[in-house]
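Now for the letters of each chain:
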Amino acid sequence: MADRLRPLWDFDDLDTSEARFRSQLAEETTDTGRAEVLSQLARVEGLRANYERCDELLAEAAALGGAETRVLLESGRRARSSNQPGAGQQQFEQAFELARARGEDVLAADAAHMIAIVDDMEAWTARGVEIAGSSDDPGVRYWLAPLYNNVGWARFEAGDAAGALEAFELALASRERDDPRPYALAIARYAVGKALRAVGRNEEAAATLEQCVAWADGAGVEDDYFHEELAEDYAALGRDAEAREQARRALALISADDERGARLRELAGGAT
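Below you will find a few notes about this structure. What you see is a predicted model, and the numbers here were worked out from it, not measured in a lab.

Parameters and conventions
- Residues numbered from 1 in each chain as written.
- Predicted model: local features only at pLDDT ≥ 70, side-chain atom pairs only at ≥ 80, totals over all residues.
- Heavy atoms only, no water.
- Helix = DSSP H or I, 4+ residues; strand = E, 2+ residues; numbered from the N terminus.
- Contact = heavy atoms within 4.5 Å.
- Axes fitted to C-alpha atoms, helices over the stretch in contact; angles between N-to-C directions.
- Parallel < 35°, antiparallel > 145°, perpendicular 65-115°, else oblique.
- Left-handed = near helix turned anticlockwise from the far one by under 90°.
- Nonpolar A, V, L, I, M, F, W, Y, C, P; charged D, E, K, R; others polar.
- Buried < 20%, exposed > 50% of the residue type's maximum accessible area, 1.4 Å probe, protein only.
- Core = buried A, V, L, I, M, F, W, Y, C linked by side-chain atoms within 4.5 Å.
- Polar contact = N/O pair within 3.5 Å; in protein donor to acceptor, adjacent residues only side chain to side chain.
- Phe/Tyr/Trp six-rings, centres within 6.5 Å; stacked < 30°, edge-to-face > 60°.
- Lys NZ or Arg CZ within 6 Å of the ring centre and 35° of its normal.
- Salt bridge = Lys/Arg side-chain N within 4 Å of Asp/Glu carboxyl O.
- Expected span 1.5 Å × (residues − 1).

### Some thoughts on the side chain of arginine 70
Assignment of secondary structure puts arginine 70 in helix H4 (residues 68-80). When near neighbours in sequence (up to four residues on either side) are disregarded, arginine 70 contacts Asp3, Arg4, Leu5, Glu36, Ser39, Gln40 and Leu107.

### Looking at the packing of helix H12 (residues 202-219) against helix H13 (residues 224-236)
Between H12 and H13, the shortest axis-to-axis distance is 9 Å and the interhelical angle comes to 150°. Here H13 runs roughly antiparallel to H12, going by the angle between their axes. When the axes of H12 and H13 are compared, the crossing they make is left-handed. Each of Asn202, Ala205, Ala206, Leu209, Glu210, Cys212, Val213, Trp215, Ala216 and Asp217 in H12 lies in contact with H13, whose residues at this interface are Phe226, His227, Glu229, Leu230, Asp233, Tyr234 and Ala236. Across the contact of H12 with H13, the residue classes break down as 11 nonpolar, two polar and four charged.

### Structural notes on unusual backbone geometry
Located in the positive-phi region is alanine 49, a residue other than glycine, with phi close to 65°. Residue placement: alanine 49 occurs in the loop between helix H2 (31-47) and helix H3 (51-64). By relative accessible area, alanine 49 is classed as partly exposed at 46%. Non-glycine residue asparagine 83 carries a positive phi angle of around 65°.

### Let's talk about the nonpolar core
Grouped together as the largest cluster of nonpolar side chains are 29 residues, with contacts concentrated most on Leu73, Phe92, Phe96, Trp124 and Trp143. Among the secondary structure elements, those contributing two or more residues to this core are helix H5 (89-102), helix H6 (105-118), helix H7 (121-133), helix H9 (144-157) and helix H10 (161-178). For this core, the leading source of residues is H6, giving 10 residues. Sequence-distant contacts of phenylalanine 92, that is, excluding residues within four places in its chain, are made with Leu73, Gly76, Arg77, Arg80, Ala111, Met114, Ile115 and Val118. Ranked by size, the runner-up nonpolar core spans 18 residues in total, among them Leu8, Leu14, Leu38 and Cys54.

### A look at the packing of H9 against H10
The geometry of H9 relative to H10 is characterised by a closest axis approach of 8 Å and an angle of 160° between their N-to-C directions. What the angle tells us is that H9 and H10 run roughly antiparallel. Where H9 crosses over H10, the handedness of that crossing is left-handed. Of the residues in H10, those touching H9 at Leu144, Ala145, Pro146, Tyr148, Asn149, Val151, Gly152, Trp153, Arg155 and Phe156 are Gly163, Ala164, Glu166, Ala167, Phe168, Leu170, Ala171, Ser174, Arg175 and Arg177.

### A look at the environment of glutamate 68
Mapped onto the elements, glutamate 68 comes out in helix H4. Along the sequence, glutamate 68 and glutamine 84 sit 16 residues apart, while their C-alpha atoms lie 24 Å from each other. Residues within four places of glutamate 68 in sequence aside, it is in contact with Leu98 and Arg102. Within polar-contact distance, the side chain of glutamate 68 engages the backbone nitrogen of glycine 66 at 3.0 Å.

### Digging into the packing of aromatic side chains
Counted by the stated rule, this structure contains 10 aromatic pairs. Relative to tryptophan 143, the ring of tyrosine 142 lies with its centre 5.2 Å away and its plane at 80°, an arrangement referred to as edge-to-face. A relative accessible area of 13% means that tyrosine 142 is categorised as buried. Arranged with centres 6.4 Å apart and planes meeting at 70°, the rings of tyrosine 190 and tyrosine 225 form a pair that is edge-to-face. Here tyrosine 225 lies in helix H13 and tyrosine 190 lies in helix H11 (residues 182-198), a separation of 35 residues in the sequence. Classification of tyrosine 190 by relative accessible area gives buried; the value is 10%. Pairwise contacts between aromatic rings join Tyr183, Tyr190, Trp215, Tyr225 and Phe226 into one cluster. Across from the ring centre of tryptophan 9, 5.4 Å away, lies the NZ or CZ of arginine 43, which sits over that ring.

### Quick notes on the pattern of salt bridges
Going through the model one piece at a time under the given rule, you end up with 35 salt bridges. Here the residues in one salt-bridge network are Asp3, Arg4, Glu28, Glu36 and Arg70, joined through shared partners.

### As for H11
For H11, which comprises 17 residues, the first-to-last C-alpha distance of 25 Å matches the rise-based estimate of 24 Å (1.5 Å per residue) to within 8%. Along its buried surface, H11 packs onto H9, H10, H12 and H13. Positive backbone phi, at 90°, marks glycine 200, one or two positions downstream of H11.

Have a look at this one:
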């Protein structure tokens with residue numbers, strides 16, 4: 001069963017998300033429904049770092065009952081705000097077990113993806129993939145892309161570029177099939193391109209990032225990471241003039257204290 005509330009989320013616009021959930025809350029006719037929506041309003045407040053209000057909303061949701069898995073998930077995300085090692089793991093594991101027992105596959109996949117972040121990335125990603133990949137519901141399969149993306153970055157940061165590329169390609173395929181939002185697709189494609197350069201496939205990397213930049217230009221989206229990576233791709237190919245142009249475009253979008261600035265200025269030929 002898909003997550004009926006996910007379409008209400010816009011993680012780039014929390015005010016809009018809150019307004020949608022407030023409107024949905026007014027339409028709910030059961031305590032369970034209200035508890036589900038309150039759990040998402042709690043998440044909004046957690047993302048705003050308004051933790052006291054987050055806790056209050058989670059307590060309201062718990063008191064209504066019927067949305068125990070969601071309350072556990074959001075309690076775990078709230079716990080992670082402490083930045084302590086392992087924070088939230090207990091709640092996520094409880095959410096996973098409860099979701100599995102109740103047949104809430106979409107929430108089980110979400111829980112597995114969160115446990116993977118705080119515990120064993122490979123093992124819990126595999127468990128999440130098993131759940132999401134065996135579903136015919138696009139709402140459950142949606143979780144394949146975040147799962148593959150997270151394990152891809154974990155591999156990339158561990159120096160396993162080939163393993164990262166494999167995961168990023170699976171994430172991109174999942175996005176194309178189940179979550180074809182243009183920006184999400186472009187970000188997934190960016191990750192593939194970054195891994196392609198890391199394994200020495202520089203021509204393919206450049207072609208992939210050119211797609212990202214072309215989409216962003218056409219959509220009026222400014223993304224410094226796309227320009228930064230394409231600058232690196234062009235530099236690896238000896239296309240210095242094009243590398244300078246992309247590096248300068250990236251520099252125009254980042255803050256003065258961004259740690260990437262030094263490398264981008266080098267690629268841009270000393271531009272300030």
